Amino acid sequence: MVSNRFAGMLLLVTAALGADPSYFRDVRPIIQRQCQGCHQPNIKSSNLDLTSYEGFQAGGQHGPGATTLLGYITGEIRPRMPLGQPPLPVDQIQLIREWIAAGAKDDTPAEAREDLAVDKPIVYTQPPVINALAFSADGKKLAVSGNREILIHSLEGAEPLRRLPGLSDRILSLVFSKDGSTLVAAGGTASRFGEVQIWDVASGKLKRSLTLTGDTVFGASLSPDASKVAVGCTDNSVRIVDASSGKELFKIGNHENWVLGTIFGVDGKRIVSVGRDRAAKLTDATSGAFLENVNLLRGELAAIARHPSKDVVVIGGEDRVPYIYMMDRAQNMKIADDSTLIRKLERQDGSIAALSWSADGAHIAVGGASPEVTIYDAETGKRTAACKGHQAGIYAVAFSPDGQTLATGGFDGEVRLYRVATGELAKEFIPVPITGGENLRSRR
Ligand code: HEC
């Protein structure tokens, strides 16, 4: 929201000064938000890559031409762009028109040029913060978030088996479909765009990239039949998108602050979302209609996970306590009613950022500001293991499908694999190739 208002102000200022619209300041943000999903190195619709000025200049199937581009966004040339989405607002079209009329110049500052390129090689001089982890359906591979890419590892660590670069600076969620064919990643580039990426696991190809909102998106979940993806947004909405067409199905606006976590119910027809407004809200995922508040409001909520076969969720956040709730309540909610609460787990040493429920239903793992990850018996609520070894806060925890291994990651940039039964550390590795800092500097 802030960024939109900011862009609006810039427009006014630009108009007032009578200055030409700038590619870097005015045009590029519109293209990033509205066009790059389908016009990027991974998905070059009509052979057009709009992630760089050079790509814009080169043009697509119909050859170069700023007027062609203008024709597509005004609808003079069909199909109108952005394809399948509402037309650009008139002020944005006007701005692009004026930029083209003034010569369609590239005014990207030299120092920003390299930073902006999405197809430049991704180089690490230190381990990146790990925000998301997911095991493949067969349990043999682990997807790990990197900078502007996803790394696919065998559980042996060492070199990544595959690197999947995309548009988003940050990937904050990773989910495999149950059949293992699809990997969903979500994240974005702060105050520019959010993105849902849908990857074909077998080929390592990006099937879809959907850019949405003007900011990073959080807490992605996949419906059990893999037909829908839900994400939480900084405009306080939950968006549900169709996984095969990439179309946005619903924008749900029940929350009063950022939404940080989502999870579908067992039958995929309902969804629970949590966020900074402290609420866990139950919504009909087939109509977008609000159903009810699940919890009693306490602290801000950052994470949610569901029992593998019951409509029971565990939520956690600021107040450090994981709460296990039924999604349904027997009677209508009364003020300060907490009748859906099944159990609280132990209070953690820091706020909670990540939760996972094992596929056999037996265990819940909790990670957050404390470097220690704890594992609980989901039935009794008793702590069964404490996983030590991380140096800093945890952002991601994931059980292997057989429930034997817990993968964890966070601020220290190392992936750790623990034995669930004992909490014993089985393996630790840095998921990215690190280039020596000195080396890099001298090569420049
Ligand atoms: C949902 C995917 C999608 C989005 C978003 C999208 N495009 Fe496209 N674009 C396409 C497809 C597919 C084609 C080929 C259309 C056809 O010819 O049938 C295309 C074709 C084009 C072409 C013609 C290129 C050529 O030379 O053949 C231009 C120009 C274009 N898009 C510009 C844009 C701009 C500008 C935006 C953002 C405002 C945008 N597109 C957003 C999918 C998309």
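Only a predicted model underlies this, so the values are computations on that prediction, with no experimental measurement involved. (Residues numbered from 1 in each chain as written. Predicted model: local features only at pLDDT ≥ 70, side-chain atom pairs only at ≥ 80, totals over all residues. Heavy atoms only, no water.)

Undergrad: Just checking my understanding: could you explain the overall build of the chain for this structure?
TA: A count of helices and strands for the chain gives seven helices and 27 strands. The globule rule puts the C-alpha radius of gyration for 444 residues at 22 Å, and the 23 Å found for the chain is close to it. Expressed along its principal axes, the backbone C-alpha trace of the chain runs to roughly 70 × 55 × 40 Å. Residues counted as buried form 52% of the 444 residues belonging to the chain. Counted over contacts in the chain with a minimum sequence separation of 6, partners at least 24 positions apart contribute 45%. Within the structure as shown, the chain displays about 19800 Å² of accessible surface, and the carbon and sulfur contribution to it stands at 51%. In the chain, which carries 49 positive and 50 negative side-chain charges, the distance between the mean positions of the two groups comes to 1 Å. (Helix = DSSP H or I, 4+ residues; strand = E, 2+ residues; numbered from the N terminus. Rg over C-alpha atoms; globule rule 2.2 N^0.38 Å. Buried < 20%, exposed > 50% of the residue type's maximum accessible area, 1.4 Å probe, protein only. Contact = heavy atoms within 4.5 Å. Areas by Shrake-Rupley, 256 points an atom, 1.4 Å probe, with all protein chains shown as cover. Lys, Arg positive; Asp, Glu negative; His and termini not counted. Charge placed at Lys NZ, Arg CZ, Asp CG, Glu CD.)

Undergrad: Help me understand the coordination of the iron atom of the ligand, please; the structure alone is not making it clear to me.
TA: Protein ligation of the iron atom of the ligand involves His39 (NE2) and Met81 (SD), the donor distances falling in the range 2.1 to 2.2 Å. Considering all six donor atoms around the iron atom of the ligand, the spread of angles at the metal, 86 to 178°, places the coordination shape in the octahedral class. One end of the pair, His39, is in the loop between α2 (23-34) and α3 (53-58); the other, Met81, is in the loop between α4 (66-74) and α5 (90-101), with 42 residues separating them in the sequence. Under the relative-accessibility criterion, Met81 is labelled partly exposed at 22%. (Donors = N, O, S within 2.8 Å, 3.2 Å for Na, K, Ca; no water. Tetrahedral: all angles 85-135°; square planar, octahedral: opposite > 155°, others 65-115°.)

Undergrad: Is there a simple way to think about the site of the ligand in this case?
TA: Residues in contact with the ligand amount to 19 residues; listed here are only the nearest, Cys35, Cys38, His39, Ser46 and Met81. Between the ligand and the protein, one listed contact pairs an oxygen atom with a side-chain N or O atom of Ser46 at 2.6 Å. At 3.2 Å from an oxygen atom of the ligand is found a main-chain nitrogen or oxygen belonging to Gln61. Tallying contributions element by element places α4 first for the shell around the ligand, with three residues. Tallied by class, the residues present in the shell around the ligand amount to twelve nonpolar, seven polar and no charged. (Near = heavy atom within 4 Å. Polar contact = N/O pair within 3.5 Å; in protein donor to acceptor, adjacent residues only side chain to side chain. Nonpolar A, V, L, I, M, F, W, Y, C, P; charged D, E, K, R; others polar.)

Undergrad: Just to check I follow, could you spell out α2 for this structure?
TA: Because an α-helix completes one turn every 3.6 residues, residues spaced three or four positions apart along the sequence face the same direction. Among the twelve residues in α2, nine count as buried, and that is most of the element. Among all positions in α2, only Tyr23, Asp26, Val27, Arg28, Pro29, Ile30, Ile31, Gln32 and Gln34 are buried. Sitting at the head of α2, Ser22 places a side-chain oxygen 3.2 Å from the backbone nitrogen of Phe24.

Undergrad: What am I meant to see in the sheet that holds strand β27 (residues 425-429) here?
TA: The strands making up a sheet are joined through hydrogen bonds of the backbone, oriented either antiparallel or parallel. Strand order in this open sheet of four strands is β24-β25-β26-β27, and the pairing throughout is antiparallel. Looking at strand neighbours, the two that pair on one side only are β24 (394-399) and β27, the edges of this open sheet. Between one strand axis and the next, the sheet turns through 20° on average, direction left out of account. (Pairing = 2+ DSSP bridges. Axes fitted to C-alpha atoms, helices over the stretch in contact; angles between N-to-C directions.)

Undergrad: Help me out: how do you make sense of α5 in this one?
TA: Over its twelve residues, α5 extends 16 Å from the first C-alpha to the last, a length consistent with the 16 Å expected when each residue adds 1.5 Å. Those residues of α5 lying buried are Ile93, Leu95, Ile96, Trp99 and Ile100. One side of α5 holds all its buried residues, which, seen down the axis, span an arc of 160°. Of the residues in α5, the exposed ones pointing more than 90 degrees away from the buried face are Val90 and Ala101. (Expected span 1.5 Å × (residues − 1). Arc of directions from axis to C-beta.)

Undergrad: Please clarify how the nonpolar core should be interpreted in this entry.
TA: Among soluble globular proteins, nonpolar side chains are generally buried collectively. Val27, Leu50, Phe56, Ile73, Ile96, Trp99 and Ile100 are the most contacted members of the largest nonpolar core, which totals 20 residues. Tallying contributions element by element places α5 first for this core, with five residues. Not counting residues within four places of it along the chain, the set of residues in contact with Ile100 comprises Ala66 and Leu70. (Core = buried A, V, L, I, M, F, W, Y, C linked by side-chain atoms within 4.5 Å.)

Undergrad: Quick question: what am I supposed to make of the domain arrangement of the chain here?
TA: It is common to report an interface's size as the accessible area lost on association of the parts. Per the domain assignment, the segments of the chain are domain 1 (2-108) and domain 2 (133-439). Centre-to-centre separation of domain 1 and domain 2, based on C-alpha positions: 34 Å. Taken as a group, Gln32, Arg33 and Asn42 account for 41% of the area that domain 1 buries against domain 2, more than any other trio of residues on that side. In this structure, the connection of domain 1 to domain 2 is made through zero salt bridges. Where domain 1 packs against domain 2, one counts five residue pairs in polar contact (both at pLDDT 80 or more). Among the elements that make up the side of domain 1 that touches domain 2, the one with the highest residue count is α2 (five residues). (Domains from an automatic or database assignment. Buried area = accessible area lost by both parts, 1.4 Å probe. Salt bridge = Lys/Arg side-chain N within 4 Å of Asp/Glu carboxyl O.)

Undergrad: Please clarify how the environment of Phe290 should be interpreted in this entry.
TA: Within the fold, Phe290 resides in strand β15 (residues 290-293). Each C-alpha atom of the pair Phe290 and Glu248 lies 18 Å from the other, and the pair is 42 residues apart in sequence. Not counting the four nearest positions on each side in its chain, Phe290 is found in contact with Asn254, Lys281, Leu282 and Thr283.

Undergrad: Quick question: what am I supposed to make of the sheet that holds strand β11 (residues 248-252) here?
TA: Pairing is antiparallel in the open sheet, where four strands are placed in the order β8-β9-β10-β11. With partners counted over all chains shown, the strands left at the sheet margins are β8 (218-222) and β11, one partner each. This sheet shows a mean twist of 15° between the axes of neighbouring strands, independent of strand direction. Strand direction decides the pairing type here: β8 and strand β9 (residues 228-232), joined by three bridges, are antiparallel. Its bridge partner being in β9, Leu222 is matched across the sheet by Val229.

Undergrad: Quick question: what am I supposed to make of the packing of α4 against α5 here?
TA: A pair of packed helices is captured by two measures, namely the crossing angle of their axes and the spacing between those axes. In contact at an axis separation of 10 Å, α4 and α5 are set at 165° when each is read in the N-to-C sense. As far as their axial angle goes, α5 and α4 are roughly antiparallel. Viewed along their axes, α4 and α5 form a crossing whose handedness is left-handed. Where α4 abuts α5, its residues Ala66, Leu69, Leu70, Ile73 and Thr74 lie against Ile93, Ile96, Arg97 and Ile100. (Parallel < 35°, antiparallel > 145°, perpendicular 65-115°, else oblique. Left-handed = near helix turned anticlockwise from the far one by under 90°.)

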